[in-house]
Amino acid sequence: MLNFPQQALTFGSFINGEFQNNYSQKLVVRSPYNNSVLGEVGVSSTAEIDQAIQDASMAQKSWAQTPIKERSKVMFEFRNILMRDIDKISNLKSLESGKTFAEGKAGLLKGIEVLEFALSLQNSDLGGRLDVSRGVSCEYRRTALGVVANITPFNFPAMVPMWTIPIALTLGNAYIWKPSDKTPLTATYIASALKEAGLPNGLLQVIFGAQNEVETIIDHPLVKAIGFVGSTKVAKIVYERGTKLGKRVLAMGGAKNHIVLLPDANLDISGLGISDSFTGCAGQRCMAASVLLAVGDVDKHIEKILQRASSLKLGSEMGAIITKAQKEFLISAIDRAEKAGAKILLDGRKVSAPKGMEEGNWLGPTIIDFVQPNSEAHTTELFGPILSIIRCKDISGAMKIQNTSVYGNAC
Ligand code: NAD
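Residues numbered from 1 in each chain as written. Predicted model: local features only at pLDDT ≥ 70, side-chain atom pairs only at ≥ 80, totals over all residues. Heavy atoms only, no water.

Chemist: Sorry, what's going on with the site of the ligand here?
Modeler: Every one of the 25 residues lining the ligand counts as a neighbour, but Thr152, Lys178, Asp181, Ser231 and Glu381 are closest to it. In the model, an oxygen atom of the ligand is placed 2.8 Å from a nitrogen or oxygen of the Thr152 main chain. Within the contact set of the ligand, an oxygen atom lies 2.6 Å away from a side-chain nitrogen or oxygen of Glu381. For the ligand, the accessible surface in isolation is 850 Å², of which the surrounding protein chains cover 89%. If you list the elements that add at least two residues to the shell around the ligand, you get helix 8 (211–219) and strand 11 (223–229). Split by residue class, the shell around the ligand holds 13 nonpolar, nine polar and three charged. (Near = heavy atom within 4 Å. Polar contact = N/O pair within 3.5 Å; in protein donor to acceptor, adjacent residues only side chain to side chain. Areas by Shrake-Rupley, 256 points an atom, 1.4 Å probe, with all protein chains shown as cover. Helix = DSSP H or I, 4+ residues; strand = E, 2+ residues; numbered from the N terminus. Nonpolar A, V, L, I, M, F, W, Y, C, P; charged D, E, K, R; others polar.)

Printed below as a string of structure tokens:
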């Protein structure tokens, strides 16, 4: 059961260990569960971002000189605080992202796994030396880059940032974090946890905003490397902008993952696995199996998928769609598929909202059968609880279709 905050949560950007309160523009954060206002965050001005990055650069110089064992102690304490507060953080991230509590907690725990890995970095290869000739040796050292930045998506407000925060900080960098404009509140808890763990001020600066703020961060000369996770469209924009400036950019985009289902597949395992894959996080995850390549006669299997998906209780077993606009987009995509001749086997458009949550962004699990390979339901990442089934004669036909996908996350 999720607990809504008694009062709206209000935060400015987190700079030099403090939340700033002198902002003129703000982002209002609503819960996908019922569209109630959870709080607001202040959008950083260009001048504030510039100062935050300069301060991060100053702080990074002494952090890089701090022995890795001492930096790791801060991370160890950070882990203890996250574990202590895991329910509180999972509750907030579920409220703002539309996940169920169990999904919110699982995501944070996956992030903590990376933190645990980061604790081992102090025992990893930090450099070495080779004698290459008489009196000549080559030495290699691993040094921090300086200030690095990360731009993260709405659907994993803690896990995706935690892919890089513990690693970058343990290795002596300062970190500029621009969380999603849709789910910025989780970042405030993570920033507070790092402060409590003893991270020196300036090493984690949290900037709120969207496109403009991202561009300011990418363009800043002191930012040496940029991480991005989000849609393919924005991943390309960020990648091009950063690499044009000669910066290192790791940009990860969207997905349309295919599952090939064969007639001899185990009925129960495939029914459960395929259903849970496309409905988990209400389909709002890059690894969701959103295309089923159904080879031969697999109607019995599809019936199992349908049974499982239609039994899910909205609100407790499947969460909500991030925004009203995205819910409307998903409904229009189902309408278009239907008009194009596909058959709606399970219609999430007809499902009612959970009691008391009628204002939320709800769409039930949807299964669309007889989708054509060149149609939107196959070629576009819809990002909702929708499974598109393409019927295939044989496995090589299925593989051919899979190989036409422009996305490449999982198969
Ligand atoms: P998004 O691309 O809309 O936003 C991602 C981030 O970019 C946010 O912080 C947002 O504020 C910022 N942003 C938005 N428009 C921008 C612009 N024009 N210029 C610069 N920055 C901009 O993505 P989203 O909707 O938050 O997240 C869902 C997407 O993320 C899906 O496509 C999903 O597949 C993908 N995703 C991928 C992975 C992966 O590992 N490949 C993991 C999680 C999510």
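Chemist: Please clarify how the state of the cysteines should be interpreted in this entry.
Modeler: In protein chemistry, a disulfide is the covalent bond that joins the sulfur atoms of two cysteines. Taken as a whole and judged by the stated rule, the model has zero disulfides. Not part of a disulfide, Cys286 finds its nearest cysteine sulfur in Cys281, a span of 9.7 Å. Owing to a relative accessible area of 26%, Cys286 belongs among the partly exposed residues under this scheme. (Disulfide = S-S within 2.5 Å. Buried < 20%, exposed > 50% of the residue type's maximum accessible area, 1.4 Å probe, protein only.)

Chemist: Sorry if this is basic, but what is going on with the packing of aromatic side chains here?
Modeler: How two aromatic rings sit relative to each other is set out by the distance from centre to centre and by the angle between their planes. Taken as a whole and judged by the stated rule, the model has four aromatic pairs. With a centroid separation of 5.6 Å and 80 degrees between ring planes, the pair formed by Tyr33 and Trp362 is classed as edge-to-face. Of this pair, Tyr33 sits in the loop between strand 4 (26–30) and strand 5 (37–42) while Trp362 sits in the loop between strand 15 (343–346) and strand 16 (366–369), placing them 329 residues apart in sequence. You can call Tyr33 buried: its relative accessible area is 2%. For Trp362, a relative accessible area of 4% translates into the label buried. Here a set of aromatic residues connected by ring pairs shows up, and it is made of Phe11, Phe14 and Phe19. (Phe/Tyr/Trp six-rings, centres within 6.5 Å; stacked < 30°, edge-to-face > 60°.)

Chemist: Please explain the domain arrangement of the protein as it appears in this structure.
Modeler: Split by domain assignment, the protein resolves into domain 1 (9–131 + 140–252) and domain 2 (257–402). Taken over C-alpha atoms, the centre of domain 1 sits 33 Å from the centre of domain 2. In this complex, domain 1 contributes 15 residues to the contact, which on the side of domain 2 involves 21 residues. Interface area for domain 1 against domain 2, summed over the two sides, is near 1300 Å², with a carbon-plus-sulfur share of 62%. Per-residue buried area on domain 1 facing domain 2 is highest for Pro32, Tyr33 and Phe154; these three make up 35% of the total on that side. Here domain 1 is connected to domain 2 by zero salt bridges. Viewed at the interface, domain 2 and domain 1 are joined by seven residue pairs in polar contact (both at pLDDT 80 or more). Along the lines of polarity and charge, the residues of the side of domain 1 that touches domain 2 split into four nonpolar, seven polar and four charged. (Domains from an automatic or database assignment. Contact = heavy atoms within 4.5 Å. Buried area = accessible area lost by both parts, 1.4 Å probe. Salt bridge = Lys/Arg side-chain N within 4 Å of Asp/Glu carboxyl O.)

Chemist: Any chance you could explain a nonpolar patch on the surface here in plain terms?
Modeler: Taken together, the side chains of Leu130, Val132 and Val136 present a nonpolar region at the surface, about 260 Å² in accessible area. On the secondary structure map, Leu130 appears in strand 6 (residues 127–133). For Leu130, a relative accessible area of 56% puts it in the exposed group. (Patch = residues over 30% accessible without salt bridge, like charges linked within 9 Å, V, L, I, M, F, W, Y side chains within 5 Å.)

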